[in-house]
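This is what each chain is made of:
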Amino acid sequence: MNIMLFIFGVIVVIAILLVIVFNRFVKNKNLVKDAWSNIDVALKRRYDLIPNLIETVKGYAAHEKTTLESLINARNAAMSVPSDDINGQIKAESQLQQSLRSIFALGEAYPDLKANQSFLDLQQKLNEIEVNLERSRRYYNGTVRENNTYGESMPGVLFAGMFGYKHFDYFEADEAERKNVKVSFD
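Q: How should helix α2 (residues 65-80) be read in this particular structure?
A: Along an α-helix, residues three or four positions apart point the same way, because every turn accommodates 3.6 residues. A rise of 1.5 Å per residue sets the reference length of α2, with its 16 residues, at 22 Å; its end C-alpha atoms lie 22 Å apart and thus fit the reference within 8%. T67, L68, L71, A74, R75 and A78 are the residues of α2 that are buried. Projected down its long axis, α2 shows its buried positions confined to an angular sector of 125°, all on one face. Opposite its buried face, α2 presents the exposed residues K65, T66, N73 and S80, each directed more than 90 degrees away.

Written as structure tokens, this is what we have:
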């Protein structure tokens, strides 16, 4: 009788452990998805703002066609990444961020553009979005750290495959973003 109680007790403890581990995986995944949705909202606002920015810059920097096309292509590429491909979206956003830096560098070279109220308003709105994105990325990276650490450490690693653990990439600056933007007008 004591052996039966002991076996039953072990089964109950294992079942409770499995429920706790499973719930932690679900919680971590949902936190990452929630954090990503905050980034996604800010990205959509930025996508909507970029065409207005391009139109404003076009009039002042007509011969900067390649810079403008680069921004348009980066925006379209970022928008075409499936919404459930968080890691792919992170890569596309790095390219878009680099293109946006080039556009604002143009403002330094064209004093009339830099003084244009529409350009200044768009730049201000974009700066607000970027600040929001920075905060959202920081929160996202914290939730990714929590998710990845749990899925790669004990006891999570023992059950990761069974419970469908997913590793997420951090939102990091790539090598191109770490370099200064060079604008040349030859």
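Q: How should I be thinking about the side chain of E93 in this particular structure?
A: Within the secondary structure, E93 sits in helix α3 (residues 86-109). The class for E93 is buried, based on a relative accessible area of 0%. Polar contacts involving the side chain of E93 include one to the side chain of Y47, which spans 2.4 Å. E93 has contacts with L43, R46, Y47, A78 and F171, leaving out every residue within four places of it along the chain.

Q: Any chance you could explain the packing of aromatic side chains here in plain terms?
A: Aromatic rings considered in pairs are described by the distance between their centres and by the relative angle of their planes. What the rule picks out here adds up to 7 aromatic pairs. Each ring, one from W36 and one from Y140, has its centre 5.6 Å from the other, and the planes form 65°; the classification is edge-to-face. With W36 in helix α1 (residues 2-60) and Y140 in helix α5 (residues 117-152), the pair connects residues that are 104 residues apart, well separated along the chain. Just as W36 is buried, Y140 falls in that class too.

Q: What exactly am I supposed to notice about the nonpolar core here?
A: Among the nonpolar cores identified, the biggest contains 35 residues, and W36, L53, L96 and Y140 are the most heavily contacted of them. Those elements that provide at least two residues to this core are α1, α2, α3 and α5. The element best represented in this core is α1, accounting for 12 residues. Excluding its chain neighbours within four sequence positions, the residues that come into contact with W36 are L43, S83, I86, Q89, I90, Y140 and F171. In terms of nonpolar packing, the next biggest core, distinct from the first, is built from 5 residues, V21, Y150, F159 and A160 among them.

Q: Would you mind going over the side chain of E130 with me for this structure?
A: You can see E130 is positioned in helix α5. Reaching out from E130, the side chain makes a polar contact with the side chain of R46 at a distance of 2.7 Å. Setting aside chain neighbours within four positions, we find E130 in contact with R46, Q97, L100 and R137.

Here is what the cut-offs are and how they apply
Residues numbered from 1 in each chain as written. Predicted model: local features only at pLDDT ≥ 70, side-chain atom pairs only at ≥ 80, totals over all residues. Heavy atoms only, no water. Helix = DSSP H or I, 4+ residues; strand = E, 2+ residues; numbered from the N terminus. Expected span 1.5 Å × (residues − 1). Buried < 20%, exposed > 50% of the residue type's maximum accessible area, 1.4 Å probe, protein only. Arc of directions from axis to C-beta. Polar contact = N/O pair within 3.5 Å; in protein donor to acceptor, adjacent residues only side chain to side chain. Contact = heavy atoms within 4.5 Å. Phe/Tyr/Trp six-rings, centres within 6.5 Å; stacked < 30°, edge-to-face > 60°. Core = buried A, V, L, I, M, F, W, Y, C linked by side-chain atoms within 4.5 Å.

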